[in-house]
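Each chain, written out:
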Amino acid sequence: MKKLFTLSCFILSLISVAAFAGPVPDTGQSKCYGNTLEIACPQPGEPFYGQDAQYTINPHSYTKLGYDAVELPDNATEWIMVRDNVTGLIWEVKTDDGSINDRDYACQWEYVQDFIPAVNSENFGGFSDWRMPTVKELSFIRNMDRFNPAIDTIYFPNIQALNYWSSTTVAEDIYNTWIVYFYNGYAQGNNKSHYSYVRAVRAGQAEPPDRFMDNSDGTVTDTDAGLMWQQATAPGTYTWEQAVSYCEGLILSQYDDWRLPSLNELQTLVDYERSNPAIDTAYFPDIQASYYWSSTSIVYSSSAWNVDFFNGSVYGSNKSGNEYVRAVRAGQCGALGDFDGDGICDDGDNSTVAGDNPCGNGETLNCDDNCVNTPNPAQADRDNDTIGDACDNCPDDFNLNQEDADSDGTGDICDNCTDTDNDGLGDPGFPLNTCLLDDCPYDSYNDFDNDSFCGNADNCPFVANPAQTDSDNDTIGNACDICPNDPLNDFDNDTICGDIDICPLDPLNDFDNDTMCGDMDNCPETPNGSGTGTCVKLTGGVFIGTGVSCLDFNDCEDNELCDTYQLDLNDNSIGNACECYADCDNSTKVDIFDLLVMKNDYGRPDCPCDADLNDDGLVDIFDLLIMKNQYNRTGCPALP
């Protein structure tokens, strides 16, 4: 009698990944079925066209492995592991020798947690990262063309056609764990106190949390699996034949290659961490927590496989019954997909890099789409430059780099009018040009003033100046320079050139005609540049030079005259004729610039922030004094 390997009873956490990730393997179904019997596979337009066997997508591919994952030939008679070449997962091969890998080892769930540490402690196959498979991973090694057992026994010998544990707990019942029944392939929850068989797996990766993308057109793309889904459930319910027909006839988001999903594809939509419904409702809000048809028949009966989106169970139903439907398209191209939907994979050589091996002229297999953004199912490439005719800007001329100087969609090598500045004139240096050549190819103004200088190089582009004379070297040609001999031109914008402007930096110039520029005049609104006289106090406390004796000598500093040449008896840089302490720009003097600050920075219709405080139409020294006397402000104007 065979003696089975004995496991001690201790509890360790299972090492597992969250869910299945990557391309979805084909179910393996190769025969076609009607409602009850096998039939010859139908043609487009015939009943039952579009079922599983008519779409072979990511077909099963396995490699036998020895210790340290050494690859073995298919005819090898001894191997200890097998690699799924579609998913990249490496599976334990069961034995019949009484070891830890024996086919007869079955256990309750708590002892599964002993099995994995024991396999890893033996460094099985040269690896210590074995784990239990998720329910999706375990499901996708089924072969739905077979039953009893529903698996390829050439690569998976010593299989029990019974239940195998997964690592996935049933979301709505923590006392149950998902199993896959390898007699026919169904998946359901199994109480953890029951006995089931085990099979270890390694490698693979977790399902990305952001794999879905809402395309905002009634479709959702699974970017990980490369599948595009009908977002809404199809209206009503359907028999299996009607479901196949509905999907084949569906036109949605300009695509007409929709089909009924295979069992494996449909199962990828299940979120086994949820129930009622077991799907991400953020992307699929229109979901029925019920059965949805797959395109996969149960080979020994008049039923087809379905998925229950209440919790994710996989069952079968008679094809005459009515169930829900959701269509799918693409998928044959795996994670990198088929962006333009022309049936040619963006990564057709499975190198994991899209476009690194573009299809040659007419090739469509084991190569990458040579026009990833434009449908071109024939992969035509007349000039053999690896760029398909559908997206080649010169399909009859070899132009690998697709140069197009004027960005008009026609490559330079075949463009009859390369016009970089889009002015209707062709650039020089392009021999194919049949349009009038452009003397200024990078300047849409060209030679606007006809003086033989392009607008972008002409120092006077709108006035002819063939000599390009610029006497003051200010980059403005004499022909259009209003101050041709002055590099500052009219710097203060007072219409007087700087070279003749006695106050070149002051737009008010000598406003009070006392020969002192406003920017130098400490009393710019009141003449105080020359002459003598006494001062008189007028309304508002203003002192001006009138030749009249002061009425109140207490208001004249030290009883001195207040209008002698730039008199500033208190030496505070403020002329006596306009003393008011309104130094708005903190320059230690009150001058025309303070008036400008008042007007520009504090201009408001309410006093004292409106610079024209006496409403005489002028902003002048009288306004400064009102601010001082009535509002007692010694800084910038503001309400008290």
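Below is a summary of the structure that appears in this document. Quick caveat, the model's predicted, so the values are computed rather than measured. (Residues numbered from 1 in each chain as written. Predicted model: local features only at pLDDT ≥ 70, side-chain atom pairs only at ≥ 80, totals over all residues. Heavy atoms only, no water.)

### Comments concerning the state of the cysteines
Applying the stated rule across the entire model yields 3 disulfides. Across the disulfide from Cys359 sits Cys367; the S-S distance is 2.0 Å. Across the S-S bond of Cys359 and Cys367 the torsion is about 95°, and the bridge reads as right-handed. Residues Cys359 and Cys367 agree in their burial class; the two are buried. Here Cys371 engages in a disulfide with Cys391; their sulfurs sit 1.7 Å apart. On the S-S bond that ties Cys371 to Cys391, the torsion sits near -115°, and the link is left-handed. Of this pair, Cys371 sits in the loop between strand S18 (328-330) and strand S19 (535-537) while Cys391 sits in the loop between S18 and S19, and the two are 20 residues apart along the sequence. According to the relative accessible area criterion, Cys371 is buried, its value standing at 2%. By relative accessible area, which is 33% here, Cys391 ends up partly exposed. (Disulfide = S-S within 2.5 Å. Buried < 20%, exposed > 50% of the residue type's maximum accessible area, 1.4 Å probe, protein only. Helix = DSSP H or I, 4+ residues; strand = E, 2+ residues; numbered from the N terminus.)

### Things to note about the pattern of salt bridges
Within the structure shown, the criterion is met by 13 salt bridges. Close ionic contact of Arg103 with Asp104 constitutes a salt bridge, the shortest N to O distance being 3.6 Å. Linking Asp389 and Arg382 is a salt bridge whose minimum nitrogen-to-oxygen distance equals 3.2 Å. Within the structure, one salt-bridge network assembled from shared partners comprises Asp271, Arg274 and Asp280. (Salt bridge = Lys/Arg side-chain N within 4 Å of Asp/Glu carboxyl O.)

### Here's the deal with the packing of aromatic side chains
How two aromatic rings sit relative to each other is set out by the distance from centre to centre and by the angle between their planes. One pass over the structure, following the stated rule, counts 20 aromatic pairs. Ring geometry for Tyr105 versus Phe115: centroids 5.8 Å apart, planes at 20°, classification stacked. Taken together, the residues span a long stretch of sequence, with Tyr105 in the loop between strand S5 (90-92) and strand S6 (106-107) and Phe115 in helix H1 (residues 109-121) at a distance of 10 residues. Neither residue differs from the other here; Tyr105 and Phe115 are each classed as buried. Pairing Phe147 with Tyr183 gives two aromatic rings, centres 6.0 Å apart and planes at 65°, and the pair type is edge-to-face. Of the two residues, Phe147 sits in the loop between helix H2 (135-139) and strand S7 (163-169) while Tyr183 sits in the loop between strand S8 (176-181) and strand S9 (187-191), which places them 36 residues apart along the sequence. (Phe/Tyr/Trp six-rings, centres within 6.5 Å; stacked < 30°, edge-to-face > 60°.)

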